[in-house]
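An overview of the molecular structure
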Amino acid sequence: MGSEPALPKWASKPCIMGIDEAGRGPVLGPMVYGCLYCACSYQKKLESLNFADSKTLKEEKREELFENLKADNSIGWAVDVIDPRELSAKMLKTNKINLNEISHGSAMGLVSRVLDMGVLLTEVYVDTVGDPEKYRLKLSEKFPSIKFVVAKKADSLYPVVSGASIVAKVTRDRALRDWVPDETAENMTRNFGSGYPGDPETKAWLEHHKHSVFGFPILVRFSWGTCTSYFKDIAPVLWESDEADGDDSSASGRKRQLKLSSIKRKSEEIESSGKGRCKFFRTRKLEQVVKF
């Protein structure tokens, strides 16, 4: 997603870019990286557009500024929307990818995308993730022809990063506002508050929407530590590949049998009561098969 693919004339002249993210901390919704770029000669004009750190602006003002920059033919922009499922999958896989690495990869992906369009990037300003100097060296090694400035609070220091902050924040806000659940569970609401772990409304939404078998709706980043406390009452799952091969008469074998019995009892309780069963199964009158 981004501005029109047709390359404007100014893009063949030296250009600057700003990069920032929105939604790094919330337990709900995507993390969005946004960039804004323009000719170096347009910097003075950029300063007069009243861009600011998106977190300091009201939603109405952010929306207004986003529409203004979209209509400005002297500005280009692009976003990378990272789905909650992708975030959790990367952070929980065997060879884990932490949030900083995901963030760095997204930012570098935006630089590559704009370069591939033919834009002559000479300077890129980035709001830091982790140590600013280490991040700068990482970016410079990947793109040696570009001058990188990596700083804390870059969205408050550089208008081009402030603009990127608005692009990222508005894109994330719209993604949450337009969210349509894939799940068919009953009584699913959109009253999830800010999505931040400390928000009482978000906590209440998580409690109401957890499922003992299916977990959370796909809006939730289930790898977040916030979710751990909600997993106490869920049905346990045992993956055979996680268990060492051995005789079932051994201690580990007996533990495995007890674990499987526990799962079976839990499953039978859920089935017999009908409580917690997914609407998908109920509406199709699908029943649990215990004998073949």
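One structure accompanies this document, and this report is about it. (Residues numbered from 1 in each chain as written. Predicted model: local features only at pLDDT ≥ 70, side-chain atom pairs only at ≥ 80, totals over all residues. Heavy atoms only, no water.)

Structural notes on the pairing of strand β4 (residues 121–127)
Counting buried positions along β4 yields 5 of 7 residues, so the element is predominantly enclosed. Where strand β1 (residues 15–22) meets β4, 5 bridges bridge the pair, whose relative direction is parallel. Note that in β4 the partner of Ile19 across the bridge is Val126. Where the polypeptide runs from β4 across helix α5 (residues 132–142) and back to strand β5 (residues 147–151), its parallel neighbour, the crossover connection is right-handed. (Buried < 20%, exposed > 50% of the residue type's maximum accessible area, 1.4 Å probe, protein only. Helix = DSSP H or I, 4+ residues; strand = E, 2+ residues; numbered from the N terminus. Pairing = 2+ DSSP bridges. Right-handed = clockwise from strand over helix to strand, strands pointing away.)

A few points about the pattern of salt bridges
Summed over the entire model, instances satisfying the criterion amount to 12 salt bridges. The closest approach of N and O atoms between Arg177 and Glu63, which form a salt bridge, is 3.3 Å. Of the two residues, Arg177 sits in helix α7 (residues 159–177) while Glu63 sits in helix α2 (residues 59–71), which places them 114 residues apart along the sequence. Given a relative accessible area of 41%, Arg177 falls into the partly exposed group. Judged by its relative accessible area of 17%, Glu63 is buried. Each member of the salt-bridge network shares a partner with another, and the members are Glu59, Glu63, Glu67, Lys70, Arg174 and Arg177. (Salt bridge = Lys/Arg side-chain N within 4 Å of Asp/Glu carboxyl O.)

Focus on the packing of helix α4 (residues 99–116) against α5
In contact at an axis separation of 11 Å, α4 and α5 are set at 40 degrees when each is read in the N-to-C sense. When the axes of α4 and α5 are compared, the pair comes out oblique. Crossing of α4 against α5: the hand is right-handed. On α5, the residues that touch Ser103, His104, Ala107 and Met108 of α4 are Tyr135, Lys138, Leu139 and Lys142. Residue composition of the contact of α4 with α5, by class: 4 nonpolar, 2 polar and 2 charged. (Axes fitted to C-alpha atoms, helices over the stretch in contact; angles between N-to-C directions. Parallel < 35°, antiparallel > 145°, perpendicular 65-115°, else oblique. Left-handed = near helix turned anticlockwise from the far one by under 90°. Contact = heavy atoms within 4.5 Å. Nonpolar A, V, L, I, M, F, W, Y, C, P; charged D, E, K, R; others polar.)

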